[in-house]
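Observations on the model geometry
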Amino acid sequence: EQDGNPDCFNFVGGAPPPGAKSTCYDELTPFTVPLYNRPYINLFDRPLLAENPQGFRLGLAINTHQTGRTFQDRSYVFQVEQAPIDAKIYNLQLRGRRGNIVQAYPSVEYDWCPSVLECEQGAYIHLQVHGSDFNAARNANNGEGWQYSDRSNMVEMDARQWNYPLHHSNFRFFSEAEAVFWAWVGQDPARCDTTIEDDGNNNQNSYTNCGKLNQAPNRFPQDPADGLISCDRPLGSYFFMSTRNNNFSNRSQKSQIVITEGSSEDGLSVGAIVAISFAVVFFVGMIGAGVAIYMKKKQKGCFAPKEGVYAHDDEL
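Reference entry: report on the structure contained in this document. Just so it is clear, the model here is predicted, and its values are computed rather than measured. Note on numbering: residues in each chain are counted from 1, in written sequence order. Confidence filtering applies because this is a predicted model: local features only for residues at pLDDT of at least 70, side-chain atom pairs given and counted only at 80 or more, and all residues used for totals across whole chains, interfaces and linings. To get the side-chain values, take all heavy atoms of the structure and skip hydrogens and water.

Points about the overall build of the protein
Here is the rule: The numbering of helices and of strands both runs from the N terminus, where a helix is a DSSP run of H or I of at least 4 residues and a strand a run of E of at least 2. For the exposure calls, accessible area comes from a 1.4 Å probe over protein chains only, and a residue counts as buried if that area is under 20% of its type's maximum, exposed if over 50%, partly exposed in between. Should any heavy atoms of two residues lie within 4.5 Å, those residues are considered in contact. Reported accessibility uses the Shrake-Rupley method at a 1.4 Å probe radius. Residues are deemed covered only where the shown protein chains occlude them.
Scanning the protein for helices and strands turns up four helices and 12 strands. Evaluated residue by residue, the protein yields a buried proportion of 28% over its 316 residues. Contacts spanning at least 24 positions in sequence make up 57% of the contacts within the protein whose residues lie at least 6 apart. When the accessible surface of the protein is totalled, it reaches about 21400 Å², and 55% of it is carbon and sulfur.

Brief notes about a nonpolar patch on the surface
What counts is decided by this rule: Without a salt bridge and with relative accessible area above 30%, a residue can belong to a patch; like charges are then joined within 9 Å and nonpolar side chains (Val, Leu, Ile, Met, Phe, Trp, Tyr) within 5 Å. Should a side-chain nitrogen of Lys or Arg be within 4 Å of a carboxyl oxygen of Asp or Glu, the pair is scored as a salt bridge.
On the surface, L43, F44, F56 and L58 cluster together into a nonpolar patch covering about 450 Å² of accessible area. Structurally, F56 is set in the loop between β1 (40-41) and β2 (58-59). Taking relative accessible area as the criterion, F56 reaches 62% and is therefore assigned exposed.

Remarks on the side chain of E156
Rules: Charge counting follows a simple rule: Lys and Arg are positive, Asp and Glu are negative, and His as well as the terminal groups are ignored. Whenever a nitrogen or oxygen atom comes within 3.5 Å of another N or O atom, the pair is scored as a polar contact, on the condition that within protein one atom can donate a hydrogen and the other can accept it, and that pairs from neighbouring residues in sequence are kept only if both atoms are in side chains.
Here E156 shows up in strand β8 (residues 155-157). Despite its burial, E156 remains without a salt bridge, the nearest opposite charge being carried by R172 at 4.3 Å. A polar atom in the side chain of E156 sits 3.1 Å from the backbone nitrogen of F173. When neighbours within four sequence positions are excluded, E156 is seen to be in contact with P165, L166, F171, R172, F173, F174, Y238, F239 and F240.

As for the pairing of strand β3 (residues 89-95)
Going by this rule: Any two strands with at least two DSSP bridges between them are considered paired.
Pairing between β3 and strand β6 (residues 124-127): four bridges, direction parallel. The residue of β6 that forms the bridge with N91 is H126. Here three bridges tie β3 to strand β4 (residues 111-113), and the two strands are oriented antiparallel to one another. Opposite Q93, over in β4, you have C113 as the bridge partner.

Function cannot be inferred from these measures alone, as they are strictly geometric.
As structure tokens, this is what we get:
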């Protein structure tokens, strides 16, 4: 203990060895570090003489006014759970933040990740929609809806170059119930202002403006299992957009899902399995026919003449 501080001789490995400095963590040694702001350390223990010095001290940028604080906390909490289904699951989620390409830097503008997803029949897509409520205003922080928020939904289009959703009677990928689920992203019409028809009167920032998804939660769906989407759909390509963030040009939040044939455990598609099975049956059938012709010609097996019976009628 030194100057009432019991930690001064709490060296690594127990008691200080012979010759160890008794200073209370004033210098860098094999057993201590300097515990004060912005220290200069003699890293190699070289003589620091006024004349003919053999070294110099290195300054450490350690400041307890900074090291004890947290800047730009980007920590996240997530859970790892057992998959609710015994099948392959593809993840489809969002990336990017509010703003144009300059304001979003070093992030990117809103986009789906991946923007093109291939999913075979029999597999599933896990769709997740998430966003922040605390986007800093950078040069107006361009975007749609409440000025500090990220929100997204997914509606079906007819082609990737379109900027309008399909009418519900023309949906090909989603059922009506699924389409409502992903278009409204949990908003209750009973709590929405259904009279809003434009962006006047600061409607963009109105909490009751469900058209800009302002009442949607920042994480949807709340139960991750509700985000599972079966890929047992007709083969082909399907196209989607977000009604809130599809601002044209580089701010184009669109997605494409390509449904392909399912695969067996051996990695073969259903079509390949059918083709192989047909080829095997055809090949075996051809071999059988060839053997039958040969045996008949040679009068062997079941084609051999029976005892007391001529082989041919014209020999009677």
